[in-house]
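Examining the three-dimensional arrangement
The chain contents come next:
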Amino acid sequence: PGLITEEDAQAAADNGVALEITSRPSHGMTNGHVASMARKVGARLIVNSDAHSPGDLITQERAMLIAAGAGLSQQEAERATVATPRDIVRRIRGR
């Protein structure tokens, strides 16, 4: 999370790296900026709990709210909470 530059967002897009939309309150203030940069360069997004303890884990419903709060459309939110995580798990399992 943070004030990612367009150059770094482009590098993520070019290398298939998903940018994080975090549910962690202390880090989430820049979620909208991260989403905007990702949209601008075509980078994938993923909603992440950044869990430090079991109480930090979030539900799908909460993940969708976090995505909406970052300015994602319904379709973008579904991609960031379902499709992208699924694709990452498939890629890891394929190794």
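Scroll up for the structure.
These notes cover the structure that comes with them. (Residues numbered from 1 in each chain as written. Predicted model: local features only at pLDDT ≥ 70, side-chain atom pairs only at ≥ 80, totals over all residues. Heavy atoms only, no water.)

1. Quick notes on the overall build of the chain
A tally of regular secondary structure across the chain gives four helices and two strands. Starting at the N terminus and ending at the C terminus, the chain contains elements arranged as α-β-α-β-α-α. Taking 95 residues into account, the globule formula puts the C-alpha radius of gyration at 12 Å, and the chain, at 13 Å, falls close to it. By principal-axis analysis of the C-alpha atoms, the chain measures approximately 35 × 35 × 25 Å. (Helix = DSSP H or I, 4+ residues; strand = E, 2+ residues; numbered from the N terminus. Rg over C-alpha atoms; globule rule 2.2 N^0.38 Å.)

2. Regarding the nonpolar core
Counting residues in each nonpolar core, the largest one holds 20 residues, and the members touching the most others are Leu19, Ile21, Ala35, Leu45, Val47 and Leu72. For this core, the elements supplying multiple residues, two or more each, are α1 (6-14), β1 (19-22), α2 (31-41), β2 (45-48), α3 (60-69) and α4 (74-93). With residues up to four places along the chain from it excluded, the contact list for Ala35 reads Ile21, Leu45, Ala70 and Leu72. (Core = buried A, V, L, I, M, F, W, Y, C linked by side-chain atoms within 4.5 Å. Buried < 20%, exposed > 50% of the residue type's maximum accessible area, 1.4 Å probe, protein only. Contact = heavy atoms within 4.5 Å.)

3. With respect to the pairing of β2
Note that β1 and β2 share four bridges and pair parallel. Residue pairing in the sheet places Leu19 in a bridge with Leu45 of β2. Read as a crossover between parallel neighbours, the route from β1 over α2 to β2 is right-handed. (Pairing = 2+ DSSP bridges. Right-handed = clockwise from strand over helix to strand, strands pointing away.)

4. Some words on the pattern of salt bridges
Opposite charge on two side chains allows them to pair when their charged atoms are near. Tallied over the full model, the rule gives three salt bridges. The salt bridge partner of Glu6 is Lys40, with a shortest N-O separation of 3.0 Å. Taken together, the residues Glu6 in helix α1 and Lys40 in helix α2 connect sequence positions 34 residues apart. According to the relative accessible area criterion, Lys40 is exposed, its value standing at 55%. We note a salt bridge from Arg24 to Asp56, for which the minimum N-O separation is 3.2 Å. With a gap of 32 residues between them, Arg24 in the loop between β1 and α2 and Asp56 in the loop between β2 and α3 connect regions that are remote in the sequence. (Salt bridge = Lys/Arg side-chain N within 4 Å of Asp/Glu carboxyl O.)

Take it as geometry only, folks, not as evidence of what the structure does.
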